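Examination of the molecular architecture
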Amino acid sequence: MKNSRLLLGLTLVPRGWRLLRKERSLWLWITLPWLIDLCVLFVGWSFGLTGVEALTTWAIGKLALTGWLYNVLYYPALVILGFMFMLVWLVAVIGIATVIASPFNALLAERALVRQGVVTASGGSIGGWVKLMLK
């Protein structure tokens, strides 16, 4: 019993890839959340890095520094804060991506099961799927 479950788990990824290669219509449910997440990531980075630059300029300007001392503080602070913002935004987008991708993953799983001949709970209609998701 345990060996059959182990074998089933070890062959899960190759069987999934075979199904995806055979059923081209399932790729829509994979690529759509990825494209949405990439757009959120890059738009956030572009607006956020501009904000980090403005905030760093304002903060260093409040110290009333000029000349080389301003440059010595400004550029390292800008690089460090910009890198930190990029990492924090990446982690936030991973959390957002989980929420965005969950309905697409549910549809992907249901469509894959239907393609394999398994009867699903929603009965194949959009109304049944919505009722199931609301439960």
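Here the structure is shown first, and the text comes after it.
These remarks concern the structure in this document. Fair warning: this is a prediction, and the values are worked out from it, not measured in the lab.

**Some thoughts on the packing of aromatic side chains**
Enumeration according to the criterion identifies six aromatic pairs in this entry. Ring centres of Trp-17 and Trp-27 lie 5.9 Å apart, and the angle between their planes is 40°; on these two criteria the pair is classed as tilted. Of the two residues, Trp-17 sits in helix 2 (residues 12-22) while Trp-27 sits in helix 3 (residues 27-62), which places them 10 residues apart along the sequence. Looking at Trp-17, the relative accessible area reads 48%, which means it is partly exposed. Between the aromatic rings of Trp-29 and Phe-104, the centroid separation amounts to 6.3 Å while the plane-to-plane angle is 40°, which identifies the pairing as tilted. Residue Trp-29 is found in helix 3, and its partner Phe-104 is found in helix 4 (residues 68-115); the two are separated by 75 residues along the sequence. For the pair shown, Trp-29 and Phe-104 are each scored as buried. Ring-pair connections join several aromatic residues into one group, and the members of that group are Tyr-70, Tyr-74 and Tyr-75.

**What about the nonpolar core?**
Leu-19, Leu-20, Leu-26, Trp-29, Ile-30, Phe-104, Leu-107, Leu-108 and Ala-112 form the largest nonpolar core, which has nine residues in total. Those elements giving two or more residues to this core turn out to be helix 2, helix 3 and helix 4. The element contributing the most residues to this core is helix 4, with four residues. Those residues in contact with Phe-104 that sit more than four places away from it in its chain are Trp-29, Leu-32, Pro-33 and Ile-36.

**Topic: a nonpolar patch on the surface**
There is a patch of nonpolar side chains on the surface, built from Leu-63, Trp-68, Leu-69, Val-72 and Leu-73 and spanning about 510 Å² of accessible area. Among the secondary structure elements, Leu-63 is positioned in the loop between helix 3 and helix 4.

**Re the packing of helix 3 against helix 4**
Look at helix 3 against helix 4: their axes get within 7 Å of each other, and the N-to-C directions meet at 160°. The angle between the axes of helix 3 and helix 4 places the two elements in the roughly antiparallel class. As helix 3 packs across helix 4, the resulting crossing turns out to be right-handed. Taken together, the residues that form the contact of helix 3 with helix 4 break down as 28 nonpolar, six polar and three charged.

**Structural notes on a positive patch on the surface**
A cluster of like positive charges, contributed by Arg-15, Arg-18, Arg-21 and Arg-24, occupies part of the molecular surface. Since its relative accessible area comes to 53%, Arg-21 is described here as exposed.

**Some thoughts on helix 4**
Owing to its 3.6 residues per turn, the α-helix brings residues three or four apart onto one side. Over its 48 residues, helix 4 extends 67 Å from the first C-alpha to the last, a length consistent with the 70 Å expected when each residue adds 1.5 Å. Of all the bends in helix 4, the largest measures some 40° and sits at Ala-101, one to four residues before the proline Pro-103. Among all positions of helix 4, only Tyr-70, Tyr-74, Gly-82, Val-93, Ala-97, Ala-101, Phe-104, Leu-107, Leu-108, Glu-110 and Ala-112 are buried. Remark: Gly-117 follows helix 4 within two positions and exhibits a positive phi of approximately 90°.

**So, helix 3**
For helix 3, built from 36 residues, the straight-helix expectation of 52 Å at 1.5 Å per residue is met to within 8% by its first-to-last C-alpha distance of 52 Å. Tucked inside the fold, the buried residues of helix 3 contact helix 2 and helix 4. Where helix 3 terminates, the next one or two residues include Ala-64, which has phi positive at roughly 60°.

Rules used throughout
Residues numbered from 1 in each chain as written. Predicted model: local features only at pLDDT ≥ 70, side-chain atom pairs only at ≥ 80, totals over all residues. Heavy atoms only, no water. Phe/Tyr/Trp six-rings, centres within 6.5 Å; stacked < 30°, edge-to-face > 60°. Helix = DSSP H or I, 4+ residues; strand = E, 2+ residues; numbered from the N terminus. Buried < 20%, exposed > 50% of the residue type's maximum accessible area, 1.4 Å probe, protein only. Core = buried A, V, L, I, M, F, W, Y, C linked by side-chain atoms within 4.5 Å. Contact = heavy atoms within 4.5 Å. Patch = residues over 30% accessible without salt bridge, like charges linked within 9 Å, V, L, I, M, F, W, Y side chains within 5 Å. Areas by Shrake-Rupley, 256 points an atom, 1.4 Å probe, with all protein chains shown as cover. Salt bridge = Lys/Arg side-chain N within 4 Å of Asp/Glu carboxyl O. Axes fitted to C-alpha atoms, helices over the stretch in contact; angles between N-to-C directions. Parallel < 35°, antiparallel > 145°, perpendicular 65-115°, else oblique. Left-handed = near helix turned anticlockwise from the far one by under 90°. Nonpolar A, V, L, I, M, F, W, Y, C, P; charged D, E, K, R; others polar. Lys, Arg positive; Asp, Glu negative; His and termini not counted. Charge placed at Lys NZ, Arg CZ, Asp CG, Glu CD. Expected span 1.5 Å × (residues − 1). Bend = angle between axes of the 7 residues up to and from the residue.

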